[in-house]
Amino acid sequence: MKTFDILGYSFSTIRLRKLRAALTTLGITIGILAIVAMLTITQGFQVAVTDELNSGLSTNSLIVTPGSSQGGSEGGVTISLDDSGFKLYLNDTSDIQNLSPDIDSVLAVISKVGMVESDYLNSSVHVYGVDYETYARIYSTFDAESGTIPTNPKNDTIVIGSSVSDPDKNGTQFIVPGDSINLVWLNVSARPFENKTYTAQVSGVLGAVGGFGFGGPSDSGVYIPLSTAESFFGTDVCDMIIVKLTNSDEDTIARVTDLIRDHFGNQVSVISSTAIISLLSTVFTTIQLFLFGIAAISLLVAGISIMNIMIVSLIERTREIGILKALGMKSRTVLMIFLGESVIIGFIGAILGIIGGWITAKAVVWVLGSGLIIGTGGGGLAITPVLTPIVLFGSLAFGVGISVIFALYPAWRASKLKPVDALRQD
Amino acid sequence: MTAIIEAINLRKTYMMGKVPVEALCGVSFSVEAGDFISILGPSGSGKSTMLNLIGALDKPTSGTMLIDGVNVGKLNDARLSELRLKIGFVFQSFNLIPRLSAKANVELPMSVADMNKARCSKRAIKLLEIVGLKERMNHKPTELSGGQQQRVAIARALANNPRFLLLDEPTGNVDSKTAHEIMSLVHRLNKENGVSIIMVTHDQELARTARRTIKMFDGEIQSDMVN
Ligand SMILES: Nc1ncnc2c1ncn2[C@@H]1O[C@H](COP(=O)(O)OP(=O)(O)O)[C@@H](O)[C@H]1O
Ligand SMILES: [Mg+2]
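**Q** How should the nonpolar core be read in this particular structure?
**A** Nonpolar side chains in soluble globular proteins generally cluster together in the buried interior. Residues Ile5, Ile54, Met65 and Ile198 of chain B are the most contacted members of the largest nonpolar core, which totals 75 residues. Broken down by element, the residue count for this core peaks at eight residues, all from helix α10 (residues 331-367) of chain A.

Here you go:
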């Protein structure tokens, strides 16, 4: 029997029991809808987060911090406890620079927690001592939205993060370029503790970066020239060294990472933004698998209901199967007719599920506040559901696959019926 | 003339639970092309069992059933299906597919035999014309009388130009006037179209209209005579 005729016959049996077929299809639709909605939302979320990260991170930079790094040498993000007393010094930068021709520039960062006092508000901030020019070269987000970031700053120049200027994020800037502010730092290493203060001139305010400025500029940071930081904090120890590479090849990243680690006798940890992103993508994959698993259960239930309905249908149609076999229909064709029904149900169910899932995802995103704002520290995160071809065709195949798998047993039983036995039924 | 059917010492034993039921206890006969044979016997004498074996719907417990020289007992499932395509079977209870129209029912065996849609349709109309139901071809079985349903069933049995037509009490479920119409159709098919006929009945009158009658009793052939 021709495939087209087989499908036609399958379809004629579905049409006979419209409500039953509709309910069975609904099961598949709900399962696929859940899968598609969950995956498109989480993938949209992942895209938003990764975009945010990519703008906050520099893909071709490494971050070197003190602390022995356990774990694998490439791509692993290790959290290390700084218990060795090992320190990085400002002059380590030139040693690192000489390690490899793949190193473009090296930046030392002194970072302390301090306080900003202005006419209108006092707020706690992260104070970073950096070389403005190099920092801006590594991070495109180190860019003034108002004012300027001078290449040759004066000793009292300061650049501030957007939420230092506008803590309520409503456009009201408490500190603007040209203002004088006091920077206060409590030196807890001194005995007794020593409160240090100096007056800085605000030169620029950064644009909002969002919450993921790992190593890069953050909204709650203030940036002073490295030399000022050195004398103000009275230290030549740096908290972090950022290494910009000439390219972002995985090979280069792995090689330079090893070189730096070896240079410091494994007493530093070297983290690449690639590693952070890949860690995040692993986290997202896990979340998606988990959600997929939950949605898949509903599809499993749909599959069982297909099997149930098919067995009922098999019993009802025993005589018909007997007739078909008496007319010369092969067992294989009977099998195909039953599987054809499940393919049609699975296909229609999956298509409706994909459409429904997409609408649901859009609706969920819309309901969670037109353009969904999730508080992520600094900025907002706008999510648009993402329907990748893998999710699209994968869920279609999954819907059809589940219904076919659960139809296999009833279809097989139908195909094995003996014509004489089947015809004796009524 | 050559034998299209040859049965040699056929036995068929059914198991009713653990009790064996001997439906056929060693029957032998042969049928030649173009013949018209009736199988006569009381209910339970094994007529249907025998017809099922001739129609390759079942295999004998022992003995040999040759159809066109092919041993049915030795065929696998797929070959059996192919053989059934060449046999026209008409059942006492019509056995039409209720949701399909008369025409679609007649087309079905041709579609099973891989014939293309256009040819199926043309031939179905022609067959329905032969059995006198061309006007009713779009009716569902439930919209047809018993006699009309049986004529659709005959048209369906003829769809693939079968080597022979098997009828199991074809008039058992219809009134006597309709029975007469069906019988004259069967006779016409035999005479005009040269279709070989084997018809099971428990009606002596009907049996006598055949060229030859095989009388059965308790799973055995009592007599095999030309009328
Ligand atoms: N599938 C079966 N299982 C058990 N017994 C059967 C089966 N088919 C027929 N029989 C028995 O075999 C005998 C012959 O039946 P059948 O060939 O249908 O007779 P007829 O058609 O002459 O009335 C009967 O006793 C019947 O009960
Ligand atoms: Mg019978």
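Here the narrative resumes.
**Q** When you look at the interface of chain A and chain B in this model, what are you seeing that I'm missing?
**A** How large an interface is tends to be reported as the accessible area lost when its parts come together. On the chain B side, the residues contacting the 21 residues of chain A number 25 residues. Roughly 2100 Å² is buried in total at the junction of chain A and chain B, and carbon and sulfur atoms are behind 57% of that figure. Three residues stand out in chain A for area buried against chain B, namely Met1, Leu327 and Val420 of chain A, and they jointly supply 26% of the buried area on that side. Note that Glu320 of chain A is salt-bridged to Arg99 of chain B, the shortest N-O span being 3.0 Å.

**Q** Please explain the packing of helix α9 (residues 318-326) of chain A against α10 of chain A as it appears in this structure.
**A** When two helices pack together, their arrangement is given by the angle between the helix axes and by the axis-to-axis distance. All names here are of chain A. At a closest axis distance of 10 Å, the pairing of α9 and α10 adopts a crossing angle of 140°. The angle between the axes of α9 and α10 places the two elements in the oblique class. Where α9 crosses over α10, the handedness of that crossing is right-handed. Facing α9, whose interface residues are Ile321, Leu324 and Lys325, α10 presents Ser331, Val334, Ile337 and Phe338.

**Q** Even after reading the chapter, I still don't get the pattern of salt bridges, so can you show me in this structure?
**A** Side-chain pairs of opposite charge can arise where the charged atoms are in close proximity. Within this structure, the stated rule accounts for 20 salt bridges over all chains. Measuring nitrogen to oxygen at the nearest pair gives 3.2 Å for the salt bridge that ties Arg137 of chain A to Asp104 of chain A. Of the two residues, Arg137 of chain A sits in helix α4 (residues 132-138) while Asp104 of chain A sits in strand β3 (residues 103-117), which places them 33 residues apart along the sequence. Classification of Asp104 of chain A by relative accessible area gives partly exposed; the value is 31%. One salt bridge connects Asp35 of chain B with Arg211 of chain B, and the closest N-O pair in it is separated by 2.5 Å. Separated by 176 residues along the polypeptide, Asp35 of chain B in the loop between β2 (19-32) and β3 (36-40) and Arg211 of chain B in the loop between α7 (204-208) and β9 (212-217) bring together distant segments of the chain. Overall, Arg211 of chain B belongs to the partly exposed group, its relative accessible area being 42%. Among the charged side chains, a salt-bridge network with shared partners connects Arg317, Glu320 and Glu341 of chain A together with Arg99 of chain B.

**Q** Teacher, can you tell me more about the sheet that holds strand β8 (residues 196-201) of chain B here?
**A** Paired through backbone hydrogen bonds, the strands of a sheet run either parallel or antiparallel to each other. Residues and elements named next belong to chain B. Across the sheet, which stays open at both edges, the six strands sit in the order β6-β7-β8-β3-β9-β10 with mixed pairing between neighbours. Of all the strands in the sheet, just β6 (87-90) and β10 (220-226) have a single pairing partner and so form its edges. Neighbour-to-neighbour, the strand axes of the sheet open up by a mean angle of 15°, direction not taken into account. Direction of pairing for β3 relative to β9: parallel, over a ladder of four bridges. By the bridge assignment, Leu40 is partnered in β9 with Lys215.

**Q** I would appreciate a short explanation of the sheet that holds β2 of chain B in the present structure.
**A** All names here are of chain B. The strand order β2-β1-β4-β5 describes an open sheet built from four strands, whose pairing is antiparallel. The strands lining the two open edges of the sheet, one partner per strand, are β2 and β5 (70-71). In this sheet, β5 lies alongside strand β4 (residues 62-67) in antiparallel orientation, the contact comprising two bridges. Note that in β5 the partner of Ile67 across the bridge is Val70. Its contacts with the sheet put helix α1 (residues 47-54) on β1 (3-16), β2 and β4, and the angle it makes with β2 is roughly 55°.

Quick notes on the rules
- Residues numbered from 1 in each chain as written.
- Chains lettered and ligands numbered in written order.
- Predicted model: local features only at pLDDT ≥ 70, side-chain atom pairs only at ≥ 80, totals over all residues.
- Heavy atoms only, no water.
- Core = buried A, V, L, I, M, F, W, Y, C linked by side-chain atoms within 4.5 Å.
- Buried < 20%, exposed > 50% of the residue type's maximum accessible area, 1.4 Å probe, protein only.
- Helix = DSSP H or I, 4+ residues; strand = E, 2+ residues; numbered from the N terminus.
- Contact = heavy atoms within 4.5 Å.
- Buried area = accessible area lost by both parts, 1.4 Å probe.
- Salt bridge = Lys/Arg side-chain N within 4 Å of Asp/Glu carboxyl O.
- Axes fitted to C-alpha atoms, helices over the stretch in contact; angles between N-to-C directions.
- Parallel < 35°, antiparallel > 145°, perpendicular 65-115°, else oblique.
- Left-handed = near helix turned anticlockwise from the far one by under 90°.
- Pairing = 2+ DSSP bridges.

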